[in-house]
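# Structural description and commentary
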Amino acid sequence: MTIPESSIGDFAVEYFKLFGEKGERADPMDKGGEYRSLLGLPGGTNHPMYAQVEAAGKARGMTLLAGKGDEPDTLGKRLVYVYDSNKFPFYQAEVYHQFHNDFLTPAYGKEYNNLVNAAVEDGRIKITGCPDRV
């Protein structure tokens, strides 16, 4: 996802709301470093808008740390790692992980679920070679 630099602060406010009042992600049954909470910015904590991201996190009681790679899970820690997306680029998960329902909330609906097909067709999502449903 690419966000205009002028909107990063607003995005951060909404992002940290996702952790709820307890500062937890919505999938506490998923555990391990591969589920750690993170945010990527070009330059990481040196990004010009990082102060706005940090303020949004602190307003929700969250701690932000610079990600160095291979960190442990953040579950129960009110912690988000901030990665330099130039050093740690995005890697897409399997197609079946895109636009699926959350397991703890009501289904999002077929219209949402079917967005994956359009995203594969227009190239925003790529077949990874792992078992995928397409």
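Up top you'll find the structure we're talking about.
Before going into details, it helps to say that this report is about the structure given with it. This one's a predicted model, so the numbers in the text were calculated from it and none came from an experiment.

Despite not being glycine, D70 shows a phi value in the positive range, around 65°. Within the secondary structure layout, D70 lies in the loop between β2 (63–66) and β3 (79–84). Accessibility expressed as a relative area gives 73% for D70, which makes it exposed.

In this section: the packing of helix α1 (residues 8–17) against helix α2 (residues 50–59). Packing of α1 against α2 brings their axes to within 8 Å, and their N-to-C directions diverge by 25°. Taken together, the axes of α1 and α2 are roughly parallel relative to one another. Relative to α2, α1 is oriented so that their crossing is right-handed. Residues I8, G9, A12, V13 and F16 of α1 lie in contact with α2, whose contacting residues are Q52, V53, A56 and G57. When the residues that make up the contact of α1 with α2 are grouped by side-chain class, the tally is six nonpolar, three polar and no charged.

Moving on, we come to the environment of P48. By the element assignment, P48 lies in the loop between β1 (38–41) and α2. On the basis of relative accessibility, which here comes to 65%, the residue P48 falls in the exposed class. Here the alpha-carbon distance between P48 and L64, two residues 16 residues apart in the chain, equals 16 Å.

Moving on to the nonpolar core. Judged by nonpolar contacts, the single largest core of 15 residues is most densely connected at F16, V53, L64 and V80. Sorting the residues of this core by element identifies α1, β1, α2 and β3 as the ones contributing at least two each.

So, how was this worked out
For every chain, the first residue of the written sequence is number 1, and numbering continues from 1 onward in sequence order. Two thresholds apply to this predicted model, a pLDDT of at least 70 for residue-level local features and 80 or more for giving and counting side-chain atom pairs, whereas whole-chain, interface and lining totals are computed over all residues. Only heavy atoms go into the side-chain values, all of them from the structure, while hydrogens and water stay out. Secondary structure elements are defined from DSSP: runs of H or I of at least 4 residues count as helices, runs of E of at least 2 residues count as strands, and each element is numbered from the N terminus. Here's how the labels work: a residue is buried when its accessible area is under 20% of the maximum for its type, exposed when over 50%, partly exposed in between, all with a 1.4 Å probe on protein chains only. Every angle, taken between N-to-C directions, lies between 0 and 180 degrees, and every axis is a line fitted to C-alpha atoms, over only the stretch in contact when it is a helix. Working definition: roughly parallel below 35 degrees, roughly antiparallel above 145 degrees, roughly perpendicular at 65 to 115 degrees, and oblique for all remaining angles. Crossings are assigned a handedness: left-handed for a near helix turned anticlockwise from the far helix by less than a right angle, right-handed for a clockwise turn. Any two residues whose heavy atoms approach within 4.5 Å are treated as being in contact. Gly falls in the polar group here, along with every residue not listed as nonpolar (Ala, Val, Leu, Ile, Met, Phe, Trp, Tyr, Cys, Pro) or charged (Asp, Glu, Lys, Arg). We define the nonpolar core as a collection of buried residues of types Ala, Val, Leu, Ile, Met, Phe, Trp, Tyr and Cys that are connected through side-chain atoms lying within 4.5 Å of one another.

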